[in-house]
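What the coordinates show
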Amino acid sequence: MSPLFRRKQEADLVADATSSVDQEVSSESRPKGYTPSKKELGVVTPKRVSTGRRVQDPAPSNRKEAYKQLRERQRTERAEAAEGMRNGDERYLLARDRGPERSLVRDIVDSRRTVGSWFIGGAVVVLIGSSVPNPLIQQISTLIWAGLAVAVLLDSILIARRIKKLVKERFPQTGQRLGSLYLYGIMRGLTFRRMRVPKPKVALNAKI
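None of these values were measured; they are calculated from a predicted model. (Residues numbered from 1 in each chain as written. Predicted model: local features only at pLDDT ≥ 70, side-chain atom pairs only at ≥ 80, totals over all residues. Heavy atoms only, no water.)

1. Considerations on the nonpolar core
The criterion, for reference: Take the buried Ala, Val, Leu, Ile, Met, Phe, Trp, Tyr and Cys residues and link them wherever side-chain atoms come within 4.5 Å; each set so joined is a nonpolar core. Residue burial is assigned from relative accessible area. The probe radius is 1.4 Å, only protein chains are included, and a residue is buried under 20% of its type maximum, exposed over 50%, and partly exposed in between. Numbering of helices and strands runs from the N terminus; a helix is a DSSP stretch of H or I covering at least four residues, while a strand is a stretch of E covering at least two. Here, residues are in contact when the closest pair of their heavy atoms is within 4.5 Å.
Counting residues in hydrophobic clusters, the biggest one holds twelve residues: Leu104, Val105, Ile108, Val109, Ile159, Ile163, Leu166, Val167, Leu181, Tyr184, Val202 and Ile208. Broken down by secondary-structure element, the contributors of at least two residues to this core are helix H4 (100-110), helix H6 (135-170) and helix H7 (178-189). If we ignore the near neighbours within four places in the chain, the residues touching Ile159 are Val109, Arg112, Thr114 and Gly185.

2. Things to note about the pattern of salt bridges
As a reminder of what qualifies: The working definition used for a salt bridge is a side-chain nitrogen of Lys or Arg within 4 Å of a carboxyl oxygen of Asp or Glu.
A complete count under the given rule lists six salt bridges for this structure. Of the charged contacts, one joins Asp110 and Arg188 as a salt bridge, the two residues approaching to 3.0 Å between their closest N and O atoms. Separated by 78 residues along the polypeptide, Asp110 in helix H4 and Arg188 in helix H7 bring together distant segments of the chain. Judged on exposure class, the residue Asp110 and its partner Arg188 are both buried. Asp110 is paired through a salt bridge with Arg196; the nearest N and O atoms lie 2.8 Å apart. In this pair, Asp110 is assigned in helix H4 and Arg196 in the segment after H7, connecting sequence segments 86 residues apart.

3. Focus on the packing of H6 against H7
Here is the rule we go by: Angular values range over 0 to 180 degrees, each being the angle between N-to-C directions of two axes fitted as lines to C-alpha atoms, with helices fitted over their stretch in contact. Working rule for angles: under 35 degrees goes down as roughly parallel, over 145 as roughly antiparallel, 65 to 115 as roughly perpendicular, anything else as oblique. Crossings are sorted by hand: turned counterclockwise from the far helix by less than a right angle, the near helix makes the crossing left-handed, and turned clockwise it makes it right-handed. Residues are grouped as follows: Ala, Val, Leu, Ile, Met, Phe, Trp, Tyr, Cys and Pro are nonpolar; Asp, Glu, Lys and Arg are charged; every other residue, Gly included, is polar.
One way to put it is that H6 packs onto H7 with a least axis distance of 9 Å and a crossing angle of 130°. Classified by the angle their axes make, H6 and H7 are oblique. The interaxial crossing formed by H6 with H7 has right-handed handedness. Every residue of H7 that contacts H6 at Ser156, Ile159, Ala160, Ile163, Lys164, Val167 and Lys168 is listed here: Leu178, Leu181, Tyr182, Gly185 and Ile186. Of the residues contributing to the contact of H6 with H7, the split by class is eight nonpolar, two polar and two charged.

4. Description of H6
Filter applied, for reference: Take the residue count of a helix, subtract one, and multiply by 1.5 Å to get its expected span. Pairs of N or O atoms are called polar contacts if they sit within 3.5 Å, as long as, within protein, a hydrogen donor faces a hydrogen acceptor (for residues adjacent in sequence, only side-chain-to-side-chain pairs).
An ideal rise of 1.5 Å per residue puts 52 Å on 36 residues; H6 measures up with 52 Å between its terminal C-alpha atoms. For H6, every residue scored as buried is listed here: Ser141, Leu148, Val152, Asp155, Ser156, Ile159, Ala160, Ile163, Leu166 and Val167. Where H6 is buried, its residues meet H4, helix H5 (119-130) and H7. Measuring from the backbone nitrogen of Leu136 back to the side-chain oxygen at the start of H6 gives 3.0 Å, which picks out Asn134 as the cap.

Everything listed is a geometric property; what it means functionally is a separate question.
Here it is as structure tokens:
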């Protein structure tokens, strides 16, 4: 064995002995209930991943800036409320539109073609015809008006019967008054389909 290799082995033995002595001295100097840290045990603590936080608007520097931020927030809230109301979100609906019974009534009306949705257009035609100084046209306008009224009445009766049947089947213990549900459905049927709020969730002729 070469002298260089022998000296290297002796140096390693001395280093190991010194390290063990240091560990023994260190352990003896510690208190009885001492718990070694993760660093001493060689455990590396992973770094915490920082989560992004919502950036808030800077604090207003004056009253004008504060008023501007307030208007922006109000505009955003109104837009969210209008969108939520159109989509039928219960959080934004008016009291008259809330509840599963009202949702069912909307689906009943939206799944069929109603005569009432054409009532406004017919009323405009009748109004224009009645203003024409021609007795024949005025008589025709009166007949159209009477025909629309009868058609709307019959259609409203059919809607009410459908509402009564399905509400009693699906909500036998409901506390809603049927008369209120009838009126709610009939008034929705008088509105053009594209203008209804909340907007229709079912297609025409869909099975309810």
